[in-house]
Amino acid sequence: MGEMYDRICSWENLRLAHRKAARGKRGKRAAATFEYLLADNLLELQSELASKTYRPGSYHSFHIHDPKNRLISAAPFRDRVVHHALCNVIEPLFERSFIHDSYANRVGQGTHRALDRAQAFARRYRYALPCDVRQFFPSIDHAVLKEILAGKIHDADVMWLVDGVLESGIGILSDEYEMAWFPGDDLLAAVRPRGLPIGNLTSQFWANCYLNPFDHFVKRELRCRAYLRYVDDVLLFADDRQTLWAWHGQIVQRLALLRLTIHPGAQPRPAVEGFPFLGFVVYPTHRRLKRRKVVAYRRKLKRLVADWICGEETQEAVVASLLGWINHARYGDTWGLRRSVLAQVPAIPGGVS
């Protein structure tokens, strides 16, 4: 085995992987069952990985509405331990190559830092070009992704594990994907393996790896000084529309090499008029929550409160939902909105503020 794969299989790494996978999940049956015979389960995983007899299990899939409909696929707990063990070792290889203004699923970054950066750019530049990739996770092409990963992972055993994780997700998002054709495609393009299950730690990390070459293209070849990305949402800024339109055409061509397309309708907008980003409309001087996000949360909260009153939901679940939404909404100019939403909820002992 290669040195990198040895580190993945090491007892210390598997213990760390279990702690990460179990974080916030110890009350769940799957995590508790695994932990009941923790040493035995980790030794079994270690043996399967070392002998390369490890095979991922089946996913449990369900839909969520946030407010877009998304198919979430959860791997068995033991597979989530393997995902953490893999990412513990390979993530530092790629993290060093990510641009500063890539904000998703990275330590010290996140949604609210991305919003702050977008607003800072909006104060400095006259125009913004917001774009997002169509069907991003269902569209991720396995052959393209493996080529990107193999550029930094030079251990055949690690790539064997990567292949196994990728193959376990083939077909899960096939119903979410609408075929896109690219120059040079033949009929076999329709059956190319593609898609990363939304919910895997590996999927979130590999999404950043997949678009990392695109990030460097925008920074180095387009020489866009004001650019940021959060998963598949990208923003470019400039002081004139013509520059952004020229970049738009080159972005479309570059993403085609990754077998990706952007949503139609992406066009330069005056920064002072606001632009959508991560559930907010961002202006140089303030931020507003997007209306559909507010409507969706009001409906969700109404259902939660009704279930609580009927005894089908706990008070803790209502409070946790409210606190999570308030923590997100407070990053916009939403004081009046938060008061209005809280007025929907009957008095809760201890209160929510």
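Parameters at a glance
Residues numbered from 1 in each chain as written. Predicted model: local features only at pLDDT ≥ 70, side-chain atom pairs only at ≥ 80, totals over all residues. Heavy atoms only, no water. Helix = DSSP H or I, 4+ residues; strand = E, 2+ residues; numbered from the N terminus. Rg over C-alpha atoms; globule rule 2.2 N^0.38 Å. Buried < 20%, exposed > 50% of the residue type's maximum accessible area, 1.4 Å probe, protein only. Contact = heavy atoms within 4.5 Å. Areas by Shrake-Rupley, 256 points an atom, 1.4 Å probe, with all protein chains shown as cover. Lys, Arg positive; Asp, Glu negative; His and termini not counted. Charge placed at Lys NZ, Arg CZ, Asp CG, Glu CD. Pairing = 2+ DSSP bridges. Patch = residues over 30% accessible without salt bridge, like charges linked within 9 Å, V, L, I, M, F, W, Y side chains within 5 Å. Salt bridge = Lys/Arg side-chain N within 4 Å of Asp/Glu carboxyl O.

Enquirer: Looking at this model, I keep getting lost on the overall build of the protein chain. Mind explaining?
Expert: Counting its secondary structure elements, the protein chain contains 14 helices and nine strands. For a compact globule of 353 residues, the expected C-alpha radius of gyration is about 20 Å, and the protein chain comes in at 22 Å, within 12% of that figure. Along the first, second and third principal axes, the C-alpha set of the protein chain runs to 60 × 60 × 35 Å. Looking at the protein chain as a whole, 47% of its 353 residues are labelled buried. Residue pairs at least 24 apart in sequence account for 72% of intrachain contacts in the protein chain once pairs closer than 6 positions are excluded. Of the roughly 18,000 Å² of accessible surface on the protein chain, 52% is carried by carbon and sulfur atoms. Taking the average location of the 50 positive side-chain charges in the protein chain and that of its 37 negative ones, the two points are 8 Å from each other.

Enquirer: Is there a simple way to explain the pairing of strand S3 (residues 127-132) in this structure?
Expert: Residues in a regular strand point their side chains to alternate faces of the sheet. Across the six residues of S3, five count as buried, placing the element largely inside the fold. Two elements, S3 and strand S6 (residues 269-270), share two bridges in a ladder whose sense is antiparallel. Looking at S6, one finds that Ala128 is bridged to Arg269.

Enquirer: Hey, could you run me through a positive patch on the surface in this one?
Expert: Side chains of Arg291, Arg299, Lys300 and Arg303 sit close together on the surface and give a patch of like positive charge. Turning to its location among the elements, Lys300 is positioned in helix H12 (residues 291-309). Relative accessible area serves as the criterion here: at 40%, Lys300 is assigned to the partly exposed category.

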